[in-house]
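# Results of the structural survey
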Amino acid sequence: MEPSKSILDNHKYSSIFLAIIFLLLTSALSLANAKIHAHEFVVYVEATPVKRLCKTHNAITVNGQFPGPTLEINNGDTLVVKVTNKARYNVTIHWHGVRQMRTGWADGPEFVTQCPIRPGGSYTYRFTVQGQEGTLWWHAHSSWLRATVYGALIIRPREGERYPFPKPNHDTPILLGEWWDANPIDVVRQATRTGGAPNVSNAYTINGQPGDLYKCSTKDTTIVPIHAGETNLLRVINAALSQPLFFTVANHKLTVVGADASYLKPFSTKVLMLGPGQTTDVLLTADQAPSRYYIAARAYQSAQNAPFDNSTTTAILEYRSPHHGNHSQHHHSKGVKNKRRPIMPPLPAYNDTNTVTAFSRSFRSPRKVEVPTEIDQSLFFAVGLGLNKCPKNFKPNRCQGPNGTRFTASINNVSFVLPNNVSILQAQYLGIPGVFTTDFPGKPPVKFDYTGNVSRSLWQPIPGTKAHKLKFGSRVEIVLQDTSIVTPENHPIHLHGYDFYIVAEGFGNFDPKKDRAKFNLVDPPLRNTVAVPVNGWAVIRFVADNPGAWLMHCHLDVHIGWGLATVLVVENGVGKLQSIEPPPVDLPLC
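Residues numbered from 1 in each chain as written. Predicted model: local features only at pLDDT ≥ 70, side-chain atom pairs only at ≥ 80, totals over all residues. Heavy atoms only, no water.

An unreviewed UniProt entry lists the chain under the name Laccase, with Vigna mungo as the source organism. Per its UniProt entry, the chain bears the Catalytic activity (unreviewed entry) comment "4 hydroquinone + O2 = 4 benzosemiquinone + 2 H2O". Per UniProt, the chain carries the Function (unreviewed entry) text "Lignin degradation and detoxification of lignin-derived products." (UniProt positions renumbered as here; feature names shortened; annotations may be inferred.)

Written out as structure tokens, the structure is:
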């Protein structure tokens, strides 16, 4: 006899009820496990002599460390970081890639979400990291301080949860940086004065060290120890200021499992490319003959005829015998008897765009994802460089760009100018007029052949503090189109406060008729920084569910200084949970 419908219904509802109870219990347990991590960051200058490339510089560092401290948390935890500024420059800290849900005051870009922390001042950043796992990082977001003020932010799964891949034996942050044999602030100030491009760096670094191929650097080369048969999770971060970088390990395969604190469908590769700001998590298994192998990184240079640092930074993957003691990462190779010259990996040519394209097209989310399909706001952002004519009152030495001009950059012909007496978020929250306008164009004012020969009349953008407004909950698509003004280039575009799906990328001018057919709306990768292809385009989609003022900019630091940025102002939704929190009492004053 068949059971009656009501018994089945009761059974169904009791199952649903039990499932709800189970979910509530597990979420309560995970909330109970969530921790608050308190840290103090003291930004010093004179206290930190750093010797690199045979010279000692007084570098600006956090807590006297270069790179700065690695912060380790679990998904769901809260960070409380008190930053005290003992340097002689203004400073802010940005938690790159953290979603900052309703906590825009903790995001950090100066004059966008806060006034800078003045010398002698302090400010406490408070925020919770929810639903993100993998590798992010933190860095100064004020002038060029991030040349030395940066560190890793590692987010592990919630307690009791696992990685979606076999648990590695160890994990190692690998921070790729750039080093100037000068004060980086002086480097950018000189470029601002002359209107020319800033001097290129003197070295790249891995965990703060240039490595064997540079003078006076061998004894401090970063060593990554490993035992045969073990798997190490390398958390690679491109913290360089002005250069996308290729990364590889001699004779070893890298399995990419995550990027920008989102998991990916694993794929194997010999080489990574990271734009500044991007992170990539890779598994490396020690399956080669025990020896020493170079880990190496050097420039991917997509801008033709632009000078760049063409040197190569190295660290050493060193096979250790199991009795060799501690497995932590050694920065120095002192005491290691095995002094054989490490094996050097081949690296792509500096301009190898084909390798970059094949690599970025391998990125997929692990499963089907919820990509917005109906779009409420469709934006088209033409990004690129520009040249300003030399102002009449300037001497020739202040116009050292091409043919007596000054370099600039823009999105949709607007060169972004930061306010200097109040932040955009404060102005939005408090309704202060005259700080910014919301008429940032949603498409270029003039349509042109973006990647072809561009008329000289379009080379000089208009300066302005213009933002673009988005309604809370709106589904947004942005086409990011590179332009060939001055030179086409691969631009790493970073959006604060959001992750987004990269649904497509390609070369030439974006053609909505042809190119929409190529969109991946099934399993596109989730990122916070997209490398817009040189002479090409990328399309991103996201839901505007985080109210606040969010900077969107090129992560080549000279380009943000030149104006390749805008701000997306996301309005509050309905009620407290869809509105930005009130500003903290210690928010710095301008």
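## Re the overall build of the chain
Across its full length, the chain carries 6 helices and 34 strands. Relative to the compact-globule value of 25 Å for 590 residues, the chain shows a C-alpha radius of gyration of 24 Å, a close match. Reported as C-alpha extents along the three principal axes, the dimensions of the chain are approximately 95 × 65 × 55 Å. Counting every position in the chain, which comprises 590 residues, the buried fraction comes to 58%. Taking as baseline every contact in the chain between residues at least 6 positions apart, the subset at least 24 positions apart corresponds to 80%. Surface summary for the chain: the accessible area is close to 24,700 Å², and the carbon and sulfur share equals 54%. The centroid of the 57 positive side-chain charges in the chain is displaced by 5 Å from the centroid of its 42 negative side-chain charges. (Helix = DSSP H or I, 4+ residues; strand = E, 2+ residues; numbered from the N terminus. Rg over C-alpha atoms; globule rule 2.2 N^0.38 Å. Buried < 20%, exposed > 50% of the residue type's maximum accessible area, 1.4 Å probe, protein only. Contact = heavy atoms within 4.5 Å. Areas by Shrake-Rupley, 256 points an atom, 1.4 Å probe, with all protein chains shown as cover. Lys, Arg positive; Asp, Glu negative; His and termini not counted. Charge placed at Lys NZ, Arg CZ, Asp CG, Glu CD.)

## Regarding the sheet that holds strand S19 (residues 279-285)
With mixed pairing, the 6 strands of this open sheet are ordered in space as S12-S11-S14-S19-S16-S17. The strands lining the two open edges of the sheet, one partner per strand, are strand S12 (203-206) and strand S17 (262-269). Pairwise comparison of adjacent strand axes, ignoring direction, gives a mean angle of 25 degrees for this sheet. Examined bridge by bridge, strand S11 (residues 170-179) and S12 share 4 bridges and lie antiparallel to one another. Bridged to Glu 178 within S12 is Tyr 204. (Pairing = 2+ DSSP bridges. Axes fitted to C-alpha atoms, helices over the stretch in contact; angles between N-to-C directions.)

## Points about the layout of surface pockets
To find the voids left in a structure, one rolls a probe of water-molecule size over its atoms. Here the largest pocket defines a volume of roughly 1,100 Å³. What lines the largest pocket is a set of 38 residues, and nearest its centre among them are Leu 418, Ile 560, Gly 561, Trp 562 and Gly 563. Contributions of two or more residues to the lining of the largest pocket are made by strand S9 (134-140), helix H2 (184-194), strand S23 (406-411), strand S24 (414-416), strand S33 (548-554) and helix H6 (557-562). The dominant element in the lining of the largest pocket, judged by the number of residues it contributes, is H6, at 5 residues. Its residues placed into classes, the lining of the largest pocket shows 19 nonpolar, 14 polar and 5 charged. Counted as a void, the second largest pocket has a volume near 600 Å³. As for the second largest pocket, its lining consists of 25 residues, of which Gly 131, Ser 262, Asp 499, Tyr 501 and Leu 526 are closest to the centre. Counting only elements with at least two residues in the lining of the second largest pocket, the list comes to S17, strand S29 (500-507) and strand S32 (536-543). Here the lining of the second largest pocket takes 3 residues from S32, the largest share from any one element. Considering only residue class, the lining of the second largest pocket consists of 12 nonpolar, 6 polar and 7 charged. (1 Å grid on protein atoms, 1.4 Å probe; cavity = no way out; pocket = protein on both sides within 12 Å on 5 of 7 lines; lining within 4 Å. Points joined across faces, edges and corners; volume = space filled by probe spheres on them. Nonpolar A, V, L, I, M, F, W, Y, C, P; charged D, E, K, R; others polar.)

## Things to note about empty space enclosed by the protein
With the rule as written, the count across this model stands at 2 cavities of 30 Å³ or more. Here the lining of the largest cavity is composed, by residue class, of 1 nonpolar, 5 polar and 4 charged. Its volume calculated, the second largest cavity comes out at about 40 Å³. Lining the second largest cavity are Gly 134, Tyr 163, Phe 165, Leu 233, Arg 235, Val 257, Gly 258, Tyr 263 and Asp 281.

## Observations concerning the UniProt feature "domain: Plastocyanin-like" (unreviewed entry) in the chain
Mapped onto this numbering, the UniProt entry gives "domain: Plastocyanin-like" (unreviewed entry) at residues 45-159, 171-320 and 440-572. A helix fraction of 0% and a strand fraction of 41% characterise residues 45-159, whose end C-alpha atoms lie 38 Å from each other. Counting secondary structure, residues 440-572 comes out at 8% helix and 41% strand; the distance between its end C-alpha atoms is 19 Å.

## With respect to H2
Looking at H2, one finds that the buried residues are Pro 184, Ile 185, Val 187, Val 188, Ala 191 and Thr 194. For H2, the elements touching its buried residues are S23. Where H2 begins, the side chain of Asn 183 points an oxygen toward the backbone nitrogen of Ile 185, at a separation of 2.9 Å. Two residues or fewer after H2 comes Gly 195, characterised by a positive phi angle close to 80 degrees. (Polar contact = N/O pair within 3.5 Å; in protein donor to acceptor, adjacent residues only side chain to side chain.)

## Quick look at the sheet that holds S9
Taken in spatial order, the 4 strands make up an open sheet running S5-S10-S9-S7, and their pairing is mixed. Two strands in the sheet have a free side with no partner beyond their single neighbour: strand S5 (71-74) and strand S7 (93-96). The mean angle between the axes of side-by-side strands here comes to 20 degrees, regardless of whether they run parallel or antiparallel. Pairing geometry for S7 and S9, over 4 bridges, is antiparallel. Bridge pairing links Trp 95 to Trp 138 in S9.

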